[in-house]
Amino acid sequence: MWTGKFRGKDVVVASTAGHLYTLYTDENDYPTFSFSWGHRWVYEKNSKHLEKYYRVLEKLFPNAEYYVNACDYDIEGSVIGYNIIKHLGDTRRAYRMKFSTLTKEELSKALSNLQPLDWSNIESGLARHILDWLWGINVSRALMSVYEHLFGEKLVLSAGRVQSPTLLELLKRYIERETFVPKPTFTVSVRVRYGSREYSLTNAFEPFEKLDSAVRLAQSLRKTRKLVVSNVDKKVLSLEPPPPFNLTQLQLESAKLFGFSPAETMRIAEELYLDSLISYPRTNSEKIPQSIDNAKILRNLSSLPNLGAYASELLSRKLLSPREGAGEDPAHPAIHPTGYIPRKLGDGEAVLYELIVRRYLASFYPSARVEEVVYTMKEPGAGVLFKLVGRRVLSQEWLKVYHYRKIASVEVPTLRVGEELEISSVRSLKLYTRQPQLHSKASILKWMESSGIGTESTRAQIIETLFKRKYVRGKSIAVTNLGLRVARILSALFKEITEVELTREFERKLREVALGRVSRKEVVDEAIAKLGSKLEEVKKALSNSRGSELKVKFGLSIGSRCSVCGGDAVGREGGLHLCSLHLAAYQNLVKTYETWASRTNASFDDYSATLLKLSTTGRFVKDVIKYLMKRDR
DNA sequence: GCAAGGTC
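No experiment lies behind these values; they were computed from the predicted model shown.

Caption draft 1: Representation of the pattern of salt bridges within the structure. The full count for this structure, using the stated rule, is 50 salt bridges. The shortest N-O distance in the salt bridge between Arg-317 and Glu-313 comes to 2.8 Å. Taking the shortest distance from any N to any O, the salt bridge between Glu-397 and Arg-317 comes out at 3.1 Å. With Glu-397 in the loop between β13 (385-395) and α13 (398-401) and Arg-317 in the loop between α11 (308-316) and α12 (347-362), this residue pair connects regions lying 80 residues apart in the sequence. For Glu-397, a relative accessible area of 17% puts it in the buried group. Residue classification places Arg-317 among the partly exposed positions, given a relative accessible area of 35%. Within the structure, one salt-bridge network assembled from shared partners comprises Glu-76, Arg-128, Asp-132 and Arg-161.

Spelled out as structure tokens, the structure:
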């Protein structure tokens, strides 16, 4: 709590730490549509610490002439402050402070220019909370109940607007990889000699579908034994420095460089923030506003061992405006060092702090200059093209401080158009197409951001929820049998919650609420009506049928077992009963054989035997092949 | 017990 005077009046400032109120219900069954706002520490684990913030506010409120909500100027900030004022005070004597940076000047201006409560933000924010709660709590409860009826096991399960589409995306990628069937392609690899050195050339043509084409090209190259330079393209590329980090970019970069998960990065960044070493990390901004005194921060950083020299260099070169990225955030600037010098840091903290400082420093530097020369070569009289690419860094600039990014120099000779090079080796090669990678925590975070679901503050946590529920596992994220069952139940019964489109629909409705065209009540009532009929339908089905009938009724089974694995079969193909994964694998196996047959003269047996040997063949495909081999023996 | 959103 802080006290002071502003224009002759006593001002008391007390803080909260995020939401003090949460939605809850006393009902245990579903559907449940009766909810209220209550104290968070009563209804949520790990929120005991919130009560002390509340007790301070509770003491202050009765003595105040009026109240000012000075939370971050965004929708959640409006809801956080509104709930406190509504429960402890009187919204008719309340105002909103409107600001975008936390400088003395701007806060002072905002305080002398108080706005009425921003009802449009409050109403749309409350509606967002309620919609997420109604969908999340009700579908989660229904899911647990359906799961118990179908599989006889009582488990804590969950579904939500953000977590469920994320689970489905992980499953999609998992299926793509594990039902993948590689296809053969053919190409040639060429080396040339120039002076005393040899160079490998890059192919500027797509691999061939037929072995013949590659063999013919190889034969022809062996005969002519030379390539002629047909084009020289020399240019100087300008490589811009990266902007300072927002949270997503920090999470992606630290995953790439150090293997930290997004949640780990968040935890370490939080520590650095609480130690006053970096600015607020939960930001989407990639900009440092004018109001931040970069010169002062750089002067302070110049006493850092190792990195201080770069800060001094920037000051002496008067490079004081950092590059800006596209990311915006109304409440916070991009992540940057505060200028405080750390004493002793833990391992993770030291590594992340250095990354943030280097990134901040790099953003002030001019672009690096890289000279690139591309020689295009072809067989005399023919059109097949190869490339030889050389690269040389002319000026490092930001690359020297942001040493994580390395531009490898590639030495190549100086060649003229028309010059001939002797071919030293030609090989024809068989290549196989590669399977897609499973998602990592970093790549699924990126997917969530680009799909517009979750926020800076919640994405990493929501990914951890999927792990906690045991829907997924592994560093390369695989979906468990439980995750697959949950995804299939949700897709069959509550399709909307598995799709990113639900978020878009919420956004459209909430915009209407913010514009005052539709009331919060109308939007909530509409959701209740829609969910109510759906949930009653599911509940009725559960009370009328047994597990095995239900699976058929819900479209989760055709009433038989998968010939390959014994799981619930969902379809029949080629005389087999197949579960969803083995069905997809079987279909890919049959379909891809057409491609193989057109490119090679492999029989189906040769094809199958080769696939079993290749490590890129999906495991469900291998299961199907083994089953077919055993059956036909 | 279950969401997603804040923040410590």
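Don't stop here, the text continues.
Caption draft 2: Representation of the pairing of strand β2 (residues 9-13). Pairing analysis gives five bridges linking strand β1 (residues 2-6) to β2, with the strands arranged antiparallel. Opposite Phe-6, over in β2, you have Lys-9 as the bridge partner. Between the antiparallel neighbours β1 and β2 lie two residues, among them Arg-7 with a positive phi of about 50°.

Caption draft 3: Molecular detail of the side chain of Asn-294. Checked against the element boundaries, Asn-294 lands in helix α10 (residues 294-301). By relative accessible area, Asn-294 is classed as buried at 8%. Here Tyr-360 takes part through its side chain, which lies 2.7 Å from a polar atom of the side chain of Asn-294.

Caption draft 4: View of the domain arrangement of chain A. Domains assigned within chain A are domain 1 (2-117), domain 2 (128-179 + 437-551), domain 3 (184-234 + 370-394 + 405-432), domain 4 (247-362) and domain 5 (571-632). For domain 2 and domain 4, the distance between their C-alpha centres works out to 35 Å. Every contact between the two is made by eleven residues of domain 2 and, on the other side, twelve residues of domain 4. The contact between domain 2 and domain 4 buries some 990 Å² in all, and 66% of this surface belongs to carbon and sulfur atoms. The tally of links between domain 2 and domain 4 comes to zero salt bridges.

Caption draft 5: Just empty space enclosed by the protein, in detail. This model, assessed by the stated rule, comprises one cavity of 30 Å³ or more. By volume, the largest cavity is sized at about 90 Å³. Around the largest cavity, the lining residues are Leu-131, Trp-135, Leu-502, Glu-505, Phe-506, Lys-509, Val-523, Glu-526, Ala-527 and Lys-530. For the lining of the largest cavity, the secondary structure elements donating two or more residues are α5 (119-151), α17 (501-514) and α18 (520-544).

Caption draft 6: Spotlight on the protein's contact with DNA strand B. In the vicinity of DNA strand B there are 41 residues, among which Arg-40, His-49, Glu-270, Tyr-280 and Thr-455 approach most closely. Taken together, the sugar and phosphate atoms account for 56% of what DNA strand B places within 4 Å of the protein. Between DNA strand B and the protein, one listed contact pairs a sugar or linking oxygen with a side-chain N or O atom of Arg-128 at 3.2 Å. At 3.3 Å, a side-chain N or O of Arg-469 approaches a phosphate oxygen of DNA strand B. Looking at the surface near DNA strand B, the element that brings in the most residues is α5, giving nine residues.

Reading the values: the criteria
- Residues numbered from 1 in each chain as written.
- Chains lettered and ligands numbered in written order.
- Predicted model: local features only at pLDDT ≥ 70, side-chain atom pairs only at ≥ 80, totals over all residues.
- Heavy atoms only, no water.
- Salt bridge = Lys/Arg side-chain N within 4 Å of Asp/Glu carboxyl O.
- Helix = DSSP H or I, 4+ residues; strand = E, 2+ residues; numbered from the N terminus.
- Buried < 20%, exposed > 50% of the residue type's maximum accessible area, 1.4 Å probe, protein only.
- Pairing = 2+ DSSP bridges.
- Polar contact = N/O pair within 3.5 Å; in protein donor to acceptor, adjacent residues only side chain to side chain.
- Domains from an automatic or database assignment.
- Contact = heavy atoms within 4.5 Å.
- Buried area = accessible area lost by both parts, 1.4 Å probe.
- 1 Å grid on protein atoms, 1.4 Å probe; cavity = no way out; pocket = protein on both sides within 12 Å on 5 of 7 lines; lining within 4 Å.
- Points joined across faces, edges and corners; volume = space filled by probe spheres on them.
- Near = heavy atom within 4 Å.

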